[in-house]
Amino acid sequence: MAGAARRRDGHITQERMLEEAMSAIAEDGLAALTMSALAERLGTSGGHILYYFGSKDLLLLAALRWSEAALAEERRALLSQRLTAERKLDLFLRLYLPRGPRDPRWMLWIELWARTPANDSLREAQRDLDRGWQDDLEALLAKGVAQARFAPLDAAEATARASELLALLDGLSTRVVLGQESGRDPRPALETARAAAARLIPRA
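First, a word on scope: everything that follows refers to the structure included in this document. A quick note: this is a predicted structure, and the numbers were derived from the prediction, not measured.

### What about the overall build of the protein?
A count of helical and extended segments in the protein gives 9 helices and 0 strands. In sequence order, the secondary structure elements of the protein are arranged as α-α-α-α-α-α-α-α-α. Each of the three principal axes of the protein carries a C-alpha extent, and together these read 60 × 35 × 35 Å. Classification of the 204 residues of the protein by burial places 43% in the buried group. Partitioning the contacts of the protein with sequence separation of at least 6, the portion at a separation of at least 24 is 67%.

### A closer look at the pattern of salt bridges
According to the stated counting rule, one finds 17 salt bridges in the structure shown. The network of salt bridges with common partners includes Arg16, Glu19, Glu20, Glu27, Asp28 and Arg41.

### Observations concerning the packing of helix α2 (residues 35-42) against helix α3 (residues 46-53)
It is at 8 Å that the axes of α2 and α3 come closest, and there the two elements cross at 110 degrees. Relative to α3, α2 is oriented roughly perpendicular. When α2 is examined against α3, the residues Met35, Leu38, Ala39 and Leu42 are found in contact with a partner set consisting of Gly46, Ile49 and Leu50. Residue composition of the contact of α2 with α3, by class: 6 nonpolar, 1 polar and no charged.

### Quick look at the packing of aromatic side chains
Under the defined criterion, the tally for this structure stands at 6 aromatic pairs. Summarising the aromatic geometry, the rings of tyrosine 51 and tyrosine 52 are spaced 5.2 Å apart at their centres and angled 85 degrees between planes, so their arrangement reads as edge-to-face. Here tyrosine 51 falls in the exposed class, since its relative accessible area comes to 68%. Arranged with centres 4.7 Å apart and planes meeting at 75 degrees, the rings of tyrosine 96 and tryptophan 133 form a pair that is edge-to-face. Remark: tryptophan 133 occurs in helix α7 (residues 120-146) and tyrosine 96 occurs in helix α5 (residues 85-96); sequence separation between them is 37 residues. The pair tyrosine 96 / tryptophan 133 is uniform in exposure class, with both members buried. An aromatic cluster is present here, built from Phe92, Tyr96, Trp106, Trp109, Trp113 and Trp133 joined pairwise through their rings. Over the aromatic face of tryptophan 133 sits the side chain of arginine 75, whose NZ or CZ is 4.1 Å from the ring centroid.

### A few points about unusual backbone geometry
Residue alanine 148 is not a glycine yet carries a positive backbone phi of 60 degrees. For alanine 148, the position within the fold is in the loop between α7 and α8 (155-177).

### Regarding the nonpolar core
Within the largest apolar cluster, 54 residues are counted, with the highest numbers of intra-cluster contacts made by Ile49, Leu89, Phe92, Leu108, Leu137, Leu165 and Leu169. If one sorts the elements of this core by residue count, helix α4 (residues 56-80) sits on top with 8 residues. Apart from residues lying up to four places away in sequence, leucine 89 is in contact with Leu137, Leu140, Phe150, Leu165, Ala197 and Ile201.

### Topic: helix α9 (residues 187-200)
Between the first and last C-alpha of α9 there are 20 Å, a value that for 14 residues agrees with the 20 Å anticipated at 1.5 Å per step. When we look at burial in α9, the residues that qualify are Ala189, Leu190, Ala193, Ala196, Ala197 and Leu200. The buried side chains of α9 occupy one side of the element, clustering within an arc of 125 degrees when seen end-on. Those residues of α9 that are exposed and aimed more than 90 degrees away from the buried face are Arg187 and Arg199. Contacts from the buried residues of α9 go to α5 and α8.

Scoring rules and cut-offs
- Residues numbered from 1 in each chain as written.
- Predicted model: local features only at pLDDT ≥ 70, side-chain atom pairs only at ≥ 80, totals over all residues.
- Heavy atoms only, no water.
- Helix = DSSP H or I, 4+ residues; strand = E, 2+ residues; numbered from the N terminus.
- Buried < 20%, exposed > 50% of the residue type's maximum accessible area, 1.4 Å probe, protein only.
- Contact = heavy atoms within 4.5 Å.
- Salt bridge = Lys/Arg side-chain N within 4 Å of Asp/Glu carboxyl O.
- Axes fitted to C-alpha atoms, helices over the stretch in contact; angles between N-to-C directions.
- Parallel < 35°, antiparallel > 145°, perpendicular 65-115°, else oblique.
- Nonpolar A, V, L, I, M, F, W, Y, C, P; charged D, E, K, R; others polar.
- Phe/Tyr/Trp six-rings, centres within 6.5 Å; stacked < 30°, edge-to-face > 60°.
- Lys NZ or Arg CZ within 6 Å of the ring centre and 35° of its normal.
- Core = buried A, V, L, I, M, F, W, Y, C linked by side-chain atoms within 4.5 Å.
- Expected span 1.5 Å × (residues − 1).
- Arc of directions from axis to C-beta.

Structure, rendered in structure tokens:
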């Protein structure tokens, strides 16, 4: 298939498979994603994809990890910018929330949550991915307190406030992806997140 990234031996790269899987989820939904459908999009065989990922569950987990790795880089870049802590927090909220009802990353998260109770490896992966967001938000809050941009918080309070805000963002994100948050417009969710952040993390 034209445009599919291939190695020198002619095989399609794993990154290209993950990229195409995310595109397929955004276009047709998670239920429509099968190994054969993905193989057809890539111009390869289902067996070739299975060789790298072993199962659809592992493919979905790899796609989510790949997507989250890209967001982790964006978070690191955000935290290193010369911006006020308030502005960084607002950009953090934007980065966390879905872009709309068909956000493939959030469709994968919802699927992962549904499967984790019976799958130890998925549960561990979820904890690892969540920890990155938690740690970065705690660091953002600590720096904001140190710069007297946010009201004083000790380490335990910062951990608790970050956890509460992330839990709220998860709920808002789920509503957006399920189409329950003002139709296809994600902006009301952002405004709700901003209001919650202002209550949980008041300015100095």
